[in-house]
Amino acid sequence: MLGAASLASARTLPVVSLLAGVLPAVQQGSTVACTGQAAVGVALALAAGPSQAGSWTVVAGQPTLGIHAAADVGVDLARLVAVPGESFTDQRWGESLAAMVDGFDVIILGGAVRSLRSTTARRIQARAQSRGAVLITIGQHASIGADLQIDSAAVRWSGLGDGHGVALTRQMDIEVRGRRMPRAQRTTVQWPVVRLAYASEPVVQPVVQPVVQSAGGPVGGSVAIDHDVALGQSA
Amino acid sequence: MPPRFGVLWCPNWPVVVAGAGDDEAVVVLHANRVVALSRAAAALGVAAGMRRRQAQSCAPGARLVDHDPDRDGRAFEQIGRAVAQMVPRFEVGEPGQICFAARGPARYFGGDLAMSTGLLELVNQAGGVSSAAAGGFGVGVADGRFAAGIAARRSARSGVPEVVSVAGSATYLAPLPVSLLQVVAGVSADLVGLLHRMGLKSLGDLAAVAEADVVARFGLPGRFAHRLAGGADPRPPAAKDPPVGLAVQREFEPVHHSDAVVFTARQVAEQLIGDLAAGGQVCTRLEVVVETEHGERCERVWHRPLGLTSAAVVERVRWQLDGWASQQTLTAGITLLRLDPIEVRADDGVQQGLWGGRTQADDWATRAINRLVAIAGEQQVLVPEQRGGRLPAESFGWVPAYSADLFDASGRLAGFTGPWPGSVSGPPPTVVHPAPQPIKVTDAAGTVIDVSGRGMVSAAPQRVRIGNAIRQVTRWAGPWPVEQRWWDTARSRRLARFQFLLDDGLLIEVAVEHQRWWLLAEHG
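Reference entry: report on the structure contained in this document. (Residues numbered from 1 in each chain as written. Chains lettered and ligands numbered in written order. Predicted model: local features only at pLDDT ≥ 70, side-chain atom pairs only at ≥ 80, totals over all residues. Heavy atoms only, no water.)

1. Brief notes about the overall build of chain B
Defined as follows: Only runs of H or I of at least four residues qualify as helices and only runs of E of at least two qualify as strands under DSSP, and these elements are numbered from the N terminus. In what follows, residue pairs with any heavy atoms lying within 4.5 Å of each other are defined as contacts.
Across its full length, chain B holds 17 helices and 20 strands. Considering only contacts in chain B between residues 6 or more positions apart, those separated by 24 or more positions represent 59%.

2. What to know about the sheet that holds strand S2 (residues 26-30) of chain B
Residue and element names in this part refer to chain B. So the rule is basically this: Two strands make a pair as long as DSSP finds a minimum of two bridges between them. Geometry is summarised by axes, namely lines fitted to C-alpha atoms with helices restricted to the contacting stretch, and by angles between N-to-C directions that run from 0 to 180 degrees.
The 3 strands lie next to each other as S3-S2-S4, forming an open sheet whose pairing is mixed. Two strands in the sheet have a free side with no partner beyond their single neighbour: strand S3 (33-37) and strand S4 (63-66). If you compare each strand with its neighbour and ignore which way they point, the axes differ by 40° on average.

3. Some words on the interface of chain A and chain B
The condition that has to hold: In short, buried area is how much 1.4 Å probe accessible area vanishes from two parts on joining, totalled over both. Salt bridges are identified by distance alone: a Lys or Arg side-chain nitrogen within 4 Å of an Asp or Glu carboxyl oxygen. Definition of a polar contact: a pair of N or O atoms within 3.5 Å, with one able to donate and the other able to accept a hydrogen when the atoms are protein atoms, and with sequence-neighbouring residues admitted only if both atoms are side-chain atoms.
With 65 residues of chain A in contact, the opposing surface of chain B contributes 60 residues. Around 5100 Å² of area is buried between chain A and chain B when both sides are counted, 63% of it from carbon and sulfur atoms. Area buried by chain A at its contact with chain B is led by Trp56, Trp157 and Leu160 of chain A, which between them contribute 13% of it. Two residues, aspartate 102 of chain A and arginine 371 of chain B, come together in a salt bridge whose shortest N-O distance is 3.4 Å. Run the count over chain A and chain B and you get 19 residue pairs in polar contact (both at pLDDT 80 or more). Of all elements in the fold, only helix H1 (4-9), helix H3 (39-52), helix H4 (67-73), strand S5 (80-83), helix H5 (90-103), strand S8 (148-160), strand S9 (165-178) and helix H8 (221-234) of chain A reach the threshold of two or more residues within the side of chain A that touches chain B.

4. As for the environment of phenylalanine 407 of chain B
Structurally, phenylalanine 407 of chain B can be placed in the loop between strand S14 (396-400) and strand S15 (431-442). Between the alpha carbons of phenylalanine 407 of chain B and asparagine 32 of chain B there is a distance of 9.3 Å; along the sequence they are 375 residues apart.

5. Let's talk about helix H14 (residues 258-278) of chain B
All names here are of chain B. Rules: What a helix is expected to span follows from its residue count: subtract one and scale by 1.5 Å. A 1.4 Å probe rolled over the protein chains alone gives each residue an accessible area, and that area as a share of the maximum for its type sets the label: buried under 20%, exposed over 50%, partly exposed in between.
Taking 1.5 Å of rise per residue, the 21 residues of H14 would be expected to cover 30 Å, and the 30 Å separating its terminal C-alpha atoms lies within 8% of that figure. Within H14, burial applies to Ala260, Val261, Val262, Phe263, Thr264, Ala265, Val268, Ala269, Leu272, Ile273 and Leu276. Looking one or two places after H14, you find glycine 280, whose phi comes out positive at around 70°.

6. Thoughts on the packing of aromatic side chains
Condition: Aromatic rings from Phe, Tyr and Trp, with only the six-membered ring used for Trp, were paired whenever their centres fell within 6.5 Å, and each pair was classed as stacked if the ring planes differed by under 30 degrees, edge-to-face if by over 60, and tilted otherwise. The criterion is that NZ of a Lys, or CZ of an Arg, lies within 6 Å of the ring centre and within 35 degrees of the ring normal, and then a charge sits over that ring.
Taken as a whole and assessed by the stated rule, the structure comprises 11 aromatic pairs over all chains. Geometrically, the ring pair formed by phenylalanine 88 of chain A and tryptophan 93 of chain A is tilted, given 4.9 Å between the ring centres and 55° between the ring planes. Tryptophan 93 of chain A shares its class with phenylalanine 88 of chain A; the two are buried. Measuring from centroid to centroid gives 5.1 Å for tyrosine 108 of chain B and phenylalanine 109 of chain B, while their planes differ by 75°, and the two rings are edge-to-face. Note on phenylalanine 109 of chain B: relative accessible area 31%, which makes it partly exposed. Connected via pairs of aromatic rings, a cluster forms that spans Trp476, Phe498, Phe500 and Trp517 of chain B. Across the ring face of phenylalanine 88 of chain A, the terminal group of arginine 92 of chain A is positioned such that the distance to the ring centre comes to 4.3 Å. Over the aromatic face of tryptophan 364 of chain B sits the side chain of arginine 131 of chain A, whose NZ or CZ is 5.0 Å from the ring centroid.

7. Section: the sheet that holds strand S20 (residues 516-522) of chain B
The strands that make up a sheet pair up through hydrogen bonds in the backbone, lying either parallel or antiparallel. Residue and element names in this part refer to chain B. Reading around the circumference, S15-S16-S17-S18-S19-S20 is the order of the 6 strands in this closed barrel, with antiparallel pairing throughout. For this sheet, the mean inter-axis angle between neighbouring strands, taken without regard to orientation, is 45°. One ladder, built from 9 bridges, connects strand S17 (residues 469-484) with strand S18 (residues 493-502); its direction is antiparallel. Within S18, the position partnered with valine 473 by the bridge is leucine 502.

8. A look at the packing of helix H4 (residues 69-84) of chain B against helix H6 (residues 112-127) of chain B
Residue and element names in this part refer to chain B. Operational definition: Handedness of a helix crossing follows the sense of rotation of the near helix relative to the far helix, less than a right angle counterclockwise being left-handed and clockwise being right-handed.
At a minimum axis distance of 9 Å, the contact between H4 and H6 shows a crossing angle of 145°. Note that H4 runs across H6; the crossing there is right-handed. Together, Gln78, Ile79, Ala82 and Val83 of H4 and Leu119, Leu122, Val123, Ala126 and Gly127 of H6 make up the contact between the two elements.

9. Structural notes on the pattern of salt bridges
All names here are of chain B. All chains considered together, the criterion is met by 33 salt bridges over all chains. Taking the shortest distance from any N to any O, the salt bridge between glutamate 287 and arginine 89 comes out at 3.4 Å. Of this pair, glutamate 287 sits in strand S10 (residues 281-292) while arginine 89 sits in the loop between H4 and strand S5 (91-92); the two residues are 198 residues apart in sequence, bridging distant segments of the chain. Exposure remark for glutamate 287: the relative accessible area of 11% places this residue in the buried category. Each of Arg89, Glu287, Glu291, Arg297 and Glu299 takes part in one network of salt bridges that share partners.

10. Focus: the side chain of threonine 442 of chain B
Residues and elements named next belong to chain B. Structurally, threonine 442 can be placed in strand S15. The exposure class of threonine 442 is buried, given its relative accessible area of 9%. For threonine 442, the residues in contact, after removing those within four places along its chain, are Thr447, Val448, Ile449, Pro461, Gln462 and Arg463.

11. Points about the packing of H5 of chain A against helix H16 (residues 360-376) of chain B
Note the threshold: Roughly parallel means an angle under 35 degrees; roughly antiparallel, over 145; roughly perpendicular, 65 to 115; everything else is oblique. In the scheme used here, Gly and all other residues not listed as nonpolar or charged are polar, with Ala, Val, Leu, Ile, Met, Phe, Trp, Tyr, Cys and Pro taken as nonpolar and Asp, Glu, Lys and Arg as charged.
Where H5 of chain A meets H16 of chain B, the closest approach of the two axes is 8 Å, and the angle between their N-to-C directions is 170°. Between H5 of chain A and H16 of chain B, the angle is such that the two are roughly antiparallel. The residues of H16 of chain B that touch H5 of chain A, namely those facing Arg92, Glu95, Ser96, Ala99, Met100, Asp102 and Gly103 of chain A, are Ala361, Trp364, Ala365, Ala368, Arg371, Leu372, Ile375 and Ala376 of chain B. Residue classes in the contact of H5 of chain A with H16 of chain B are distributed as 9 nonpolar, 2 polar and 4 charged.

12. Section: unusual backbone geometry
Residues and elements named next belong to chain B. Along the chain, glycine 478 connects to proline 479 via a cis peptide bond; the corresponding omega equals -5°. Within the fold, proline 479 resides in strand S17. Of note in the backbone geometry, histidine 514 takes a positive phi value of approximately 50° without being a glycine. Relative to the elements of secondary structure, histidine 514 occurs in the loop between strand S19 (507-513) and S20. Its identity as a non-glycine residue notwithstanding, glutamine 515 has a phi of 65°, on the positive side. Structurally, the position occupied by glutamine 515 is in the loop between S19 and S20.

13. Topic: the nonpolar core
As a reminder, the rule being used: Nonpolar cores were defined as sets of buried Ala, Val, Leu, Ile, Met, Phe, Trp, Tyr and Cys residues, with membership established by side-chain atoms within 4.5 Å. As annotated, the domain borders come from an automatic or database domain assignment.
By size, the foremost hydrophobic cluster in this structure holds 54 residues, and its most contacted members are Leu46, Ile108 and Ile174 of chain A. The biggest single contributor to this core is H3 of chain A, with 9 residues. Residues lining this core come from more than one domain, with at least three contributed by each of domain 4 (360-414) and domain 5 (431-523) of chain B. Formed by 52 residues, the second largest nonpolar core is a distinct cluster that contains Cys283, Leu286, Trp302 and Val314 of chain B.

14. Structural notes on the environment of arginine 157 of chain B
All names here are of chain B. Here arginine 157 shows up in helix H8 (residues 145-158). Looking at arginine 157, the relative accessible area reads 64%, which means it is exposed. Separated by 20 residues in sequence, arginine 157 and phenylalanine 137 have C-alpha atoms that sit 8.3 Å apart.

On their own, these measurements won't tell you what the molecule is for.
Structural data, given as structure tokens:
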């Protein structure tokens, strides 16, 4: 298409509030690499903004994707499609990805696409650029050069004790580097965000012994315990 | 009284384009729903709106074709050219449908019936043999577009033209079911269903209700339906001809490739539709004029009662260009493109998608899914489904997109599957292993950790061996025992779950079942 690339680069896709501090918007047609401890979570969070605005998301080569986590971070499951493609050849991936770029706004590339040949990858990226689709890679793919890299490091879970509690939320440092960014942007986010209603509840002393429950899981009191630990961490 | 209209309609135009043999069952699908079918398929019990699987069980030998509006629109140009021999001014609605003012042609060709019979013959010749197998064309003449559309629909079934007498539209419509409002005029299925449940089963019942009452209960969509049912022109009385200045024209150096013209059309259409939308208006009828350097000219009027979006405008320009270029050898490049909105109306919210609020993104994605299924295979293109359960891999699962309803996901994503007491609270894991990975969990001395039947842990877990890597456990929680389906020997499970925080900050969910440790999920 004539000049579509220049038009597409002027357009952006929305970003959810979790990442809004470091990344006001994602340019259509760009490639984003999500690396570090929470790569999958960050990739899903990136897809959530466009998904809530009506875009379709396809997850290629990530058969282990947590669907519940995707829904939890804001991806609309009615507009989510997956192609596991574990035994695909390079050519089959090339054809599949070309079809995905034509029809979807957000394409998440998982581990099974890692072995893509660089010629195929360049063709797909050029197509995504003219079509205005965003490619998000989970981890650094050798053949796919990224315009933007979002690195999540120093993940600190709170809520988990030594034989008690339950993981409740994590704090992590997010660093965004990009080709067109003069300086790397850094921020610390808490994810998922713990509602304030919990914080105002009375704090219960942590139970040191492992809690043995018959058929029930960590319910009721454990939430307060978790938050006690969480508060202790942030202080 | 509304003016007299003629409508030419082929309800199963996509099947005509797909090319059905005389006894061949052909079914055209969009998003796994039947949109058009051949006569042979209808005889086997297939109906429009059915799911793919349902249609396949009715007609196992049927040829399934994907819906492609572009292909249908291009092919319909040939019918448009044939119709132009008898009726010079007409509007194209959806591919397969043409509407025209009937008064002039009827006078010239000696009455409504003679004109429609002539038109039907002409079109059946142009459409080729396959249109008979698909259900064929119908021509209807009546006061108002809606009545003429219904007459054409009935005519397509019977094969003879149907003419409603002057001022007889209301009487003609009265005994017909309200569901025609949805099929012919695109009124939402919700409204039609509600009218039916309220006991207003025929169009006459609806027309008999006072307009004020309908407006009070259903608002503008209700008034639209009420006016149609009464045989009145749906065009609201307030609609006025737009000011002349709205037409947009672009002249350029001769262009020989239709893609370049379509690209210009996209810019022009976005500007035009955007300007109208800023004033709270939508364009319902648009004239597209294309001219070559040597003065060859192609003009066509496109009509869409629900309003033309910019994407719909671009689509129609492409159909017109491709159809024109394939029918006629052009001697020069295209130099002029003109989009002229002939009818605009206030955007009153009556515009619903034909299948219930579908967007352009939905259409593109659905087509991409169909292509992906062809490339990657049916079992490789999946959509999520909510199942419910206590373990990470149980709460959701993947089902083939091939058999799922892509537009109405409420069936597979119910939203609530029960409280599931005993599931681990906190954030759900981002990496869930469909098949649990075997791991080894030991204490500092290397002894495998054991969990007793009463949920007592033999020692604090210290090391985890995943694959060949041994990693330290810094913090942990659990056990959370689960005993499910003890009544069913084949599916009963008894396990205890844990959360381990590893030395590099990775949180994993593991379980021990029959003294063996499994990695269930990770929070990556």
